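Working through the structure, step by step
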Amino acid sequence: MIRALLSDDLPRSRVLTLVLLGIVLCLALAPFLFPGVRTVDTAARICIFIVLVASYDLLIGFTGIVSFAHTMFFGFGAYGVAFGLIHLDRSFWAMGLGAAGGALTAACVAIVIGLFSLRVRAIFFAMITLAVASAVAVLFSQLSSITGGEDGLTFKLPRVLGPAFKFGTETLDGRLFGVRLNGKLLAYYLVFFSAVLLFLGLLRLVNSPFGRVLKAIRENEFRAEAIGYPVIQYRVAASCISAITAACAGALYAIWLRYVGPETTLSMEIMINVLLMVVIGGMGTLYGAIVGAAVFVLAQNYLRNLMGAAATLMQDIPILPQFLSADRWLLWLGVLFVLSVYFFPSGVVGRLRRS
Amino acid sequence: MSSTLLRTQDLTARFGGHVAVDGVSCAFAAGALTAIIGPNGAGKTTYFDLISGQVNASTGRVFLGGRDISRMPVAARARAGIGRAFQLTNLFPNLSVMENLRLVAQSKSKRRACIWSMASRHRTLIEAAEQALEQVQLKDQRFQKISELSHGDQRKLEVAMLMTLDPLVYMFDEPTAGMSMDEAPVVLDLIAALKQRRDRTILLVEHKMDVIRALADRIIVLNNGCLAADGAPAEVMESDIVQEAYIGRGLEGALNEL
Ligand SMILES: Nc1ncnc2c1ncn2[C@@H]1O[C@H](COP(=O)(O)OP(=O)(O)OP(=O)(O)O)[C@@H](O)[C@H]1O
Ligand SMILES: [Mg+2]
């Protein structure tokens with residue numbers, strides 16, 4: 001059963017299994033283990049980024065394609081949900097339709113980009129994606145009448161997912177283990193279970209016959225072609241599936257934030273973060289996405305506090321507090337990144353699997 | 001006389017000003033093994049490249065069973081029945097021996113691009129790979145990565161890949177080059193056994209005369225990209241062109257080896 005769920009691709013390392021179990025359990029029980037707006041928000045972001053990073057790993061790690069348009073597809077999904085909920089109505093139906101529309105757009109754009117540029121060299125594909133992604137980001141921030149421009153769009157979710165919706169008030173007194181049973185809790189679990197499904201779907205994909213061909217193409221495209229696999233078609237298909245999954249992650253992000261804007265969904269900064277997460281976790285492992293996203297989002301959210309605390313602790317020592325000042329958190333994130341690449345060139349997962 | 005399986009018509013490959021293969025017209029019958037000989041740089045490998053599609057013909061055509069495949073991409077030709085073992089070993093370096101062969105078996109399967117089943121559970125593909133491993137005696141190395149394999153074993157695997165693909169047209173490009181004395185017979189026996197398949201045709205580029213004598217039904221000689229001789233082995237070996245351009249050099253080579 002578990003083997004089938006994980007598509008016969010077990011973590012293959014005891015430490016890694018424990019780490020993954022720990023992360024997944026924390027995410028599954030986050031609203032109960034760490035009640036608090038900020039912690040649950042962090043958990044939801046981790047779930048969403050796991051999917052986004054895993055879908056990127058499908059490209060960079062399994063197929064050997066470098067793309068800079070991944071956040072664009074993420075954005076399509078997010079804006080799709082926003083358009084659905086704003087222009088249709090405030091229902092699950094509209095939300096799903098919006099997400100599907102975003103995913104479809106992502107698929108079409110990925111196919112077009114792929115057919116135009118995957119024939120040529122990989123570097124050309126990277127450049128095209130960069131150009132298209134930048135153009136789309138500008139377009140979305142200019143078309144204020146449709147996309148809300150730089151300010152983005154806020155919208156209302158179906159009532160059931162809003163904080164005002166309460167359930168279990170009669171039977172459980174509206175609480176379970178002290179946690180309020182409301183729409184926000186439901187929204188978290190919608191995000192969590194969707195992320196689990198998407199991740200397991202990707203895991204199945206990379207362990208399917210199709211996924212094996214992708215690996216073969218990454219290893220030696222010339223030979224893959226010679227034994228009968230049309231390389232371009234496989235690459236385009238992979239980039240299309242990856243785009244669709246990214247759009248789904250974007251849809252979840254919009255649902256969680258109840259907001260979309262160019263800064264949160266389309267920016268190059270997110271693209272770079274995704275790249276960092278893939279590298280930290282380990283390319284071509286998929287499980288790396290879980291570790292990478294968890295480490296990175298946690299660092300992003302809590303490194304500042306941690307450093308602030310450390311700086312206060314060391315108040316009396318000269319110079320040190322200045323290095324640890326909360327404003328330097330980005331520097332330390334950089335240091336963390338360099339260290340992790342230095343010590344785990346194949347990512348945390350690659351490292352754990354080897355030892 | 002059995003029917004023609006593969007035919008090239010006026011096939012030419014031009015690289016800039018250099019003509020590597022120059023208007024070669026030749027037909028290959030099913031059930032026969034044709035040895036292709038010629039000095040280094042004669043265009044033998046390029047001739048294979050033209051047939052399997054890695055190099056596009058400057059002019060001329062390739063027919064497989066009467067069908068013009070000259071415009072088909074490499075993968076489509078492979079699926080149509082053109083298979084090839086490369087002169088320079090060309091495998092999937094970070095995958096296991098087993099997985100290399102499994103991928104070839106998968107390429108022939110109906111569910112080759114299935115995205116929702118588990119590759120690890122397609123028993124028939126794994127069995128096909130196992131069988132090929134057995135044929136070339138690489139069973140013990142099945143879980144090793146290619147990059148950990150000895151050169152001779154990599155050459156054997158190169159042949160096993162082609163055997164697993166089981167195409168209509170088998171093209172071997174110096175299959176035993178770089179193999180030790182006790183490794184080569186495994187491969188040569190496989191090729192000999194392959195000759196029993198009456199619906200296949202085999203093209204073999206080879207420098208070793210004893211191998212050619214043992215296996216070839218026919219020899220063609222390429223020289224400077226041109227078809228210089230074509231006929232039964234005894235006939236061709238006696239011809240002036242081979243005596244001059246090839247045997248002399250081959251003997252010299254043989255002497256050097258001693
Ligand atoms: N892609 C290419 N671009 C330019 N020249 C090429 C290319 N491929 C082959 N050639 C040239 O074509 C000629 C024929 O080469 P080919 O490899 O077909 O010879 P060969 O008969 O296989 O030789 P060998 O016995 O050494 O394997 C050589 O002069 C080679 O330099
Ligand atoms: Mg050659």
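Note that this is a predicted model, so its numbers are computed, not measured. (Residues numbered from 1 in each chain as written. Chains lettered and ligands numbered in written order. Predicted model: local features only at pLDDT ≥ 70, side-chain atom pairs only at ≥ 80, totals over all residues. Heavy atoms only, no water.)

1. Things to note about the overall build of chain B
In terms of helices and strands, chain B carries 9 helices and 10 strands. The C-alpha radius of gyration computed for chain B amounts to 18 Å, which stays within 12% of the reference 18 Å derived for 258 residues, consistent with globular compactness. Once the C-alpha set of chain B is aligned to its principal axes, its extents read approximately 60 × 45 × 40 Å. Looking at chain B as a whole, 56% of its 258 residues qualify as buried. Long-range pairs, those at least 24 residues apart, make up 67% of the contacts in chain B with a sequence separation of at least 6. Total accessible area on chain B stands at roughly 11500 Å², and carbon and sulfur atoms take up 51% of it. A distance of 11 Å separates the average location of the 29 positive side-chain charges in chain B from that of its 29 negative side-chain charges. (Helix = DSSP H or I, 4+ residues; strand = E, 2+ residues; numbered from the N terminus. Rg over C-alpha atoms; globule rule 2.2 N^0.38 Å. Buried < 20%, exposed > 50% of the residue type's maximum accessible area, 1.4 Å probe, protein only. Contact = heavy atoms within 4.5 Å. Areas by Shrake-Rupley, 256 points an atom, 1.4 Å probe, with all protein chains shown as cover. Lys, Arg positive; Asp, Glu negative; His and termini not counted. Charge placed at Lys NZ, Arg CZ, Asp CG, Glu CD.)

2. Details of helix α10 (residues 209–219) of chain A
The buried count for α10(A) comes to 9 of 11 residues, which makes it a mostly enclosed element. For α10(A), the set of buried residues is P209(A), F210(A), G211(A), R212(A), V213(A), L214(A), A216(A), I217(A) and E219(A).

3. Points about the site of ligand 1
All names here are of chain B. Inspection of the region around ligand 1 gives 14 residues, with G41, K44, T45, T46 and Q87 positioned closest. Measuring from an oxygen atom of ligand 1, one finds a side-chain N or O atom of N40 at 2.9 Å. Relative to its unbound accessible area of 640 Å², ligand 1 is 61% covered by the protein chains. Breaking the shell around ligand 1 down by element, the ones donating at least two residues are β2 (18–29) and α1 (44–52). The element best represented in the shell around ligand 1 is α1, accounting for 3 residues. Class assignment of the residues belonging to the shell around ligand 1 gives a composition of 4 nonpolar, 8 polar and 2 charged. (Near = heavy atom within 4 Å. Polar contact = N/O pair within 3.5 Å; in protein donor to acceptor, adjacent residues only side chain to side chain. Nonpolar A, V, L, I, M, F, W, Y, C, P; charged D, E, K, R; others polar.)

4. Here's the deal with the interface of chain B and chain A
At the interface, 34 residues of chain B touch 25 residues of chain A. Between chain B and chain A lies a buried interface of about 2600 Å² when both sides are counted; carbon and sulfur atoms form 59% of it. Here chain B is connected to chain A by 3 salt bridges. Here E99(B) ties to R212(A) by a salt bridge, and the two come within 2.6 Å at their closest N and O atoms. Viewed at the interface, chain A and chain B are joined by 18 residue pairs in polar contact (both at pLDDT 80 or more). Of all the elements in the fold, those that place two or more residues in the side of chain B that touches chain A are α2 (74–80), α3 (97–107) and α5 (151–165) of chain B. It is α3(B) that provides the largest number of residues to the side of chain B that touches chain A, a total of 6 residues. Classifying every residue of the side of chain B that touches chain A gives 18 nonpolar, 8 polar and 8 charged. (Buried area = accessible area lost by both parts, 1.4 Å probe. Salt bridge = Lys/Arg side-chain N within 4 Å of Asp/Glu carboxyl O.)

5. Considerations on the coordination of the magnesium ion (ligand 2)
Residue and element names in this part refer to chain B. On the protein side, the magnesium ion (ligand 2) has T45 (OG1) and Q87 (OE1) as donor atoms, found 1.9 to 2.1 Å from it. Of this pair, T45 sits in helix α1 while Q87 sits in the loop between β6 (82–85) and α3, placing them 42 residues apart in sequence. Residue classification places Q87 among the partly exposed positions, given a relative accessible area of 32%. (Donors = N, O, S within 2.8 Å, 3.2 Å for Na, K, Ca; no water.)

6. Some thoughts on the domain arrangement of chain B
Residues and elements named next belong to chain B. What the domain assignment reports for chain B is domain 1 (1–81 + 169–258) and domain 2 (91–166). Here domain 1 and domain 2 have C-alpha centroids that lie 26 Å from each other. Taken together, the contact pairs 18 residues of domain 1 with 14 residues of domain 2. Here domain 1 and domain 2 share an interface that buries about 1400 Å² over both sides, 61% of which is from carbon and sulfur atoms. Ranking the residues of domain 1 by area buried against domain 2 places R79, Y170 and L190 at the top, with a combined share of 36%. The tally of links from domain 1 across to domain 2 stands at 2 salt bridges. A salt bridge links D166 to R197, with the nearest nitrogen and oxygen atoms 3.1 Å apart. (Domains from an automatic or database assignment.)

7. Some remarks on the sheet that holds strand β1 (residues 4–15) of chain B
All names here are of chain B. An order of β2-β1-β4-β5 is seen for the 4 strands of this open sheet, with the pairing classed as antiparallel. With one partner strand each, in any of the chains shown, β2 and β5 (67–68) form the two edges of the open sheet. Contacts from α1 reach β1, β2 and β4 (59–64) within the one sheet, and its direction differs from that of β1 by about 115°. (Pairing = 2+ DSSP bridges. Axes fitted to C-alpha atoms, helices over the stretch in contact; angles between N-to-C directions.)

8. A word on the pairing of strand β3 (residues 33–37) of chain B
All names here are of chain B. Counted residue by residue, β3 has 5 buried out of 5 residues, so it is predominantly covered. Side chains L33, A35 and I37 project from β3 onto one buried face, and the interleaved T34 and I36 project onto a second face that is buried too. Bridge count between β3 and strand β8 (residues 201–205): 4 bridges; the pairing is parallel. Residue pairing for β8: T34 is matched across the bridge by L203.

9. Some remarks on the pattern of salt bridges
Pairs can form between side chains of opposite charge once their charged atoms are near each other. Counted according to the given criterion, the structure contains 22 salt bridges over all chains. For R45(A), the salt bridge goes to D41(A), with nearest N and O atoms at 3.0 Å. Here R45(A) and its partner D41(A) are both found in helix α4 (residues 37–63), 4 residues apart, which amounts to about one turn of the helix. Residues participating in the shared-partner salt-bridge network are E130(B), E134(B), K139(B) and R142(B).

10. Some points on the confidence of the model for chain B
Summarising the model, chain B shows a mean pLDDT of 90, and 93% of its residues fall at 70 or more. The model gives residues 254–258 of chain B a pLDDT under 50, and that stretch makes 0 contacts with residues more than four places away or in other chains. (pLDDT = per-residue confidence, 0-100.)

11. Looking at unusual backbone geometry
Of note in this structure, R258(A) is not a glycine but carries a positive phi near 55°. Of note, L286(A) is a non-glycine position whose phi angle comes to about 65°, a positive value.

12. Points about a nonpolar patch on the surface
Residue and element names in this part refer to chain A. A cluster of nonpolar residues, I319, F323, L331, V335, L339, Y342 and F343, forms a patch on the protein surface that exposes about 740 Å² of accessible area. Here the nonpolar patch takes 5 residues from helix α17 (residues 329–343), the largest share from any one element. Residue placement: F343 occurs in helix α17. (Patch = residues over 30% accessible without salt bridge, like charges linked within 9 Å, V, L, I, M, F, W, Y side chains within 5 Å.)

13. Comments concerning the packing of aromatic side chains
Aromatic rings considered in pairs are described by the distance between their centres and by the relative angle of their planes. All names here are of chain A. Going through the model one piece at a time under the given rule, you end up with 21 aromatic pairs over all chains. Aromatic side chains F76 and F140 sit 6.2 Å apart centroid to centroid with 40° between the ring planes, which places their arrangement in the tilted category. You can see F76 sitting in helix α5 (residues 70–88) and its partner F140 sitting in helix α7 (residues 122–142), a full 64 residues away along the chain. Of the two residues, F76 and F140, both sit in the buried class. Three or more aromatic residues link up through ring pairs in this structure, and these residues are F73, F76, Y79, F83 and F140. Between the NZ or CZ atom of K184 and the centre of the ring of W256, over which it lies, the distance is 4.2 Å. (Phe/Tyr/Trp six-rings, centres within 6.5 Å; stacked < 30°, edge-to-face > 60°. Lys NZ or Arg CZ within 6 Å of the ring centre and 35° of its normal.)

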